[in-house]
Amino acid sequence: VLVVAAGLAFVPNLRDATDFPVFYLVFGYFVFFWIAQATSWNILSGYTGYFSFGQGAFYGLGVYAVGDLFGRQGWNYFAAVPVAAALSALLGTAVGALAFRLGSLRGEIFALLTLAVTFVLSTIAGLSNWVDGGQGISIPIPSYPSFLGDFQSMIYRLALAVAVLAVLAAILIQGSRFGAGLFAIRDEEGVAEELGVPTFRSKMIAITVTGFLGGLSGAVAALQIGYLTPDVVFSLNVPLLVIVMCVLGGRRHWLGPVIGALLIYSLQDRLASSGHDRWAQVVLGAILVVVILFVPEGLYARMQARPRQALLAGAALALGMLVAGLVGRGDATDWLSTGLAAATAVLLVSRPKRTGARRRPASPRAGEAGVS
Amino acid sequence: MTTYVQAAVSGVMVGGLYAIMALGLSLSWGLLKVINLAHLALILASGYVTYQLTSSTGLDPLLSVFVVVPALLVVGVAVQWVIERFDVDELNTLLLSFGLFIIAIRLLNNIWSADFKRIDDTKNPYATHSLLLGDIAFPVPQLLALGAAVVIAVAAFVVLRYTYFGKALRALAYDREVAAAFGVDHRRIGIVAAGIGTAMGGIAGVLIGINQSLFPQLAYEWVGLIFTVVILGGIGNLLGAVAAGVLIGVISSVVGVAWTHQGAPLVTFLVLIVALLLRPNGLFGRLGAS
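Residues numbered from 1 in each chain as written. Chains lettered and ligands numbered in written order. Predicted model: local features only at pLDDT ≥ 70, side-chain atom pairs only at ≥ 80, totals over all residues. Heavy atoms only, no water.

Points about the overall build of chain A
The condition is simple: Put simply, DSSP marks the helices as runs of H or I at least four residues long and the strands as runs of E at least two long, and each gets a number from the N terminus on. Residue exposure (1.4 Å probe, protein chains only): buried if accessible area is under 20% of the type maximum, exposed if over 50%, otherwise partly exposed. It only takes one pair of heavy atoms within 4.5 Å for two residues to be counted as in contact. Accessible surface area values rest on a Shrake-Rupley calculation with a 1.4 Å probe, where residue burial reflects the displayed protein chains alone.
Regarding its fold elements, chain A presents 17 helices and two strands. The buried share of chain A, reckoned over its 372 residues, is 54%. At a minimum sequence separation of 6, the contacts of chain A that also span at least 24 residues come to 78%. For chain A, the accessible surface area stands at approximately 15400 Å², while carbon and sulfur atoms represent 66% of it.

So, the pairing of strand S2 (residues 136–139) of chain B
Looking along a regular strand, one sees the side chains alternate between the two faces of the sheet. All names here are of chain B. Our working rule: For two strands to count as paired, DSSP must find a minimum of two bridges between them.
Residues Ile136 and Phe138 line the buried face of S2, whereas the alternating positions Ala137 and Pro139 sit on a face that is not buried. Looking at chain direction, strand S1 (residues 130–133) and S2 are connected through four bridges and run antiparallel. By the bridge assignment, leucine 131 is partnered in S2 with phenylalanine 138. Count of turn residues in the S1/S2 antiparallel hairpin: two residues, of which glycine 134 carries a positive phi of about 65°.

Topic: the interface of chain B and chain A
As a measure of interface size, the accessible area lost when the parts come together is often cited. The following threshold applies: A simple way to read buried area is as the amount of 1.4 Å-probe accessible surface that goes missing from two parts once joined, with both sides added. When a carboxyl oxygen of Asp or Glu is within 4 Å of a side-chain nitrogen of Lys or Arg, the pair counts as a salt bridge. In protein, a polar contact means a hydrogen-donor-capable atom and an acceptor-capable atom, both N or O and within 3.5 Å, with residues adjacent in sequence counting only if both atoms are side-chain atoms; elsewhere, any N or O pair within 3.5 Å suffices.
At the interface, 40 residues of chain B touch 42 residues of chain A. Overall, the association of chain B and chain A removes approximately 3900 Å² of surface from exposure, summing both partners, and the carbon and sulfur fraction of that is 78%. Per-residue buried area on chain B facing chain A is highest for B:Phe86, B:Leu95 and B:Leu277; these three make up 16% of the total on that side. Linking chain B with chain A are zero salt bridges. Our count for the contact surface shared by chain B and chain A stands at zero residue pairs in polar contact (both at pLDDT 80 or more). Here the side of chain B that touches chain A gets 14 residues from one element, more than from any other, and that element is helix H4 (residues 90–112) of chain B.

Quick word on the packing of helix H6 (residues 164–174) of chain B against helix H8 (residues 186–211) of chain B
Residue and element names in this part refer to chain B. Rule in force here: Only the stretch in contact is used when a helix axis is fitted, and all axes are lines through C-alpha atoms; the angle between N-to-C directions ranges over 0 to 180 degrees. Note that the term roughly parallel is reserved for angles under 35 degrees, roughly antiparallel for angles over 145, roughly perpendicular for angles of 65 to 115, and oblique for everything else.
Between H6 and H8, the shortest axis-to-axis distance is 10 Å and the interhelical angle comes to 105°. As far as their axial angle goes, H8 and H6 are roughly perpendicular. Here H6 contributes Phe165, Ala168, Leu169 and Leu172 to the contact with H8, which in turn contributes His186, Ile189, Val192, Ala193 and Ile196.

Okay, structure coming up:
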C-alpha cells in the first residue's frame, strides 16, 4: 500500500512533463476521497456489523468544522483540520456512548438512530447563526507549503494521505486482536462477550476511529466543495454511496471498500460526464439490488472464494481496457471503467453453486463466517 | 391561545397523514421482518399517479384508489416473492429496498421533473374545504386521511387478532420454524401480507396527492419522519403507529408555531433519539411484546 501510495503521490509532478489534463487529478482526488469515506465506514459497520447511516454526520461535521474555523473565524487551515477530525471522533464517541450502552439496541434500530443524528446535525447547521445561518459559507484557498504543488495537486495529495491513513488503520485493525474481537461481535455478539471480548469498549473504539477518519476526510473535502450549504453537505449522498461501495466490494476485508469505491466512483463519473446524469442514481440503486441478491458477501470475498474466476476477472479487466483503448473513443477513465465493469460482470456471473455446505445459515450475521 | 389550539388540531390532522404512511411500513417490518424503505417511494409514486389521473381526466381524485391500490398490491407481491426466493435477511431487506427506493425516486424525477406538482384546485373538490368548529378549522383532506388511518388500523387489528390469517401471521413473526411445523405456509401468508401492506401505501399515496404539492425529494423528507412514527408506535403495532403519528404531528406543529418551522424536525428527531434510548420497543409496545 505504501509503495502504491508513494507512486501516486508523484503523479501531479508528471503533469509538468506530459501535460495531461487537470481532470485526472480531480478524478484521483474523488477516488481517494471515497476510499477514505468507505474505509472509515467499514471499520465500524463492516467489521462489527453495526450498520450506520451516519457517515454523512461525521463527514458533514468535518466539513462544517473547517468551514467555520477556517472559512469564517480565519484559523490556519492546517490547524482547523485536526480540530475537525477530533470533533467528528467526539461525535462518534457520543453516539456510541448512547447507543451501545443498551444491549437491546438491535442492528436496524442503530442504523436509524445514526440516520436521525445526521438529520439533527443538518437541521442545526441550517438553523444556527454560528454554524451556517442559512447563508452558506465560502471557503477561500488556504496558504500551504509549496512542495504540495498547485491547488488541485495539493488537495489530490491531501486526499491521498487521508486515504492511505484510513486504509492503513483498516489493515492494522484487521490484523490485530482488537480487529478479531470486532469480527467476533459481528458474528455473534453474545458469544463474543462471553469469550472475553470487551464488546462495549471495542465498539466504542471502532466508532471513534470511524468518526475521526470520516471527519478528517470531510475536512479536506471542504476545500474541494468550496461553498458549503447544509443541503449539499448533509445530503444522503455520502451515506448512500459509502454503503453501496462497501456492500459491493465486501465488508470483511480492508480491500473491499477500496475496490467498491474505485468501481462505483468511476462508474458514477462516466455516467455523469456522458450526459446520463439522470440515470446515475437508477444504476446505483440497481447495483445495490443486484449485489444484495446475488453477492451479499461482496466482490472481494467472491474473488477469494473462487480464485480462478478472480484471475478471469483480471483478464477481463485487461481485455476491457484494451478494447476500449483500441476503439479509441474517450480517454483513460473510459478504459478504466470499461475494464472494471467487465471484471465485475465476470465476478457476478460466477455464482457459487448452491450445495448444502454453501447454503447460508438461517441466522443473519453468521452468513459470511466462512470467508475472511 | 387559539393559535396554539389551532396548531395542535392541525398537528392531529397532519398526524393522520403520517400515520397512514406508517401503517404499511409497520406491518411489513413487524410481521414480515422486511424493512421496506421502498414503501415511501411507492406512496409518492401513488401520489403522482393520482395527480396525473385527476389532472388529465378531471375525475374525482379519490377514484384513483381503484388504479393505485391494485397496482401497488402487485408490486408488493412481486418484491416479497423476490425476497422469499433469495432468502434475504432482515438487514439486507433494508439495503435492498433502499436500492429500489433510489431507483423509484429518480424515475419519478425523470418522469414528472423536480418541480412542485399539485392537483389543480378546480379539479380537487376536497382541497379548499374546511370544517369550522368555532375558530378552529379542520381541513377536509386531512380529516379524510386521519379517518382512513384509524379505520385501516382498527381493521388490521381485528384481522390480526381474530382471524386465522392474522393468527398465522403473528405466529410467523414470533417463530417461523415453529409456525411452519404447525402447518403455516409462510410463503403464501407473507406474500398476501406484503401485498396488503403496499396496498395501504396506495391509499396513503392518493390522500397525499389530494393534500399537498408533490416533488421527488419529498420521499427523503419522509424517511426520518415516518420511521420515527413506526418506531415510536412500536414496530408492527398499527394502532400504536396511528397514535405516534398524531403525537409527532402535534409536536412538530406546536413547535413550528412556538419556535420556528425549521426547528420542528430537530425536536422530532430528538424525541426519536430519547425514545429509542429509553423505550426501544416504542411508546406503545411492539407487537407480541406483551
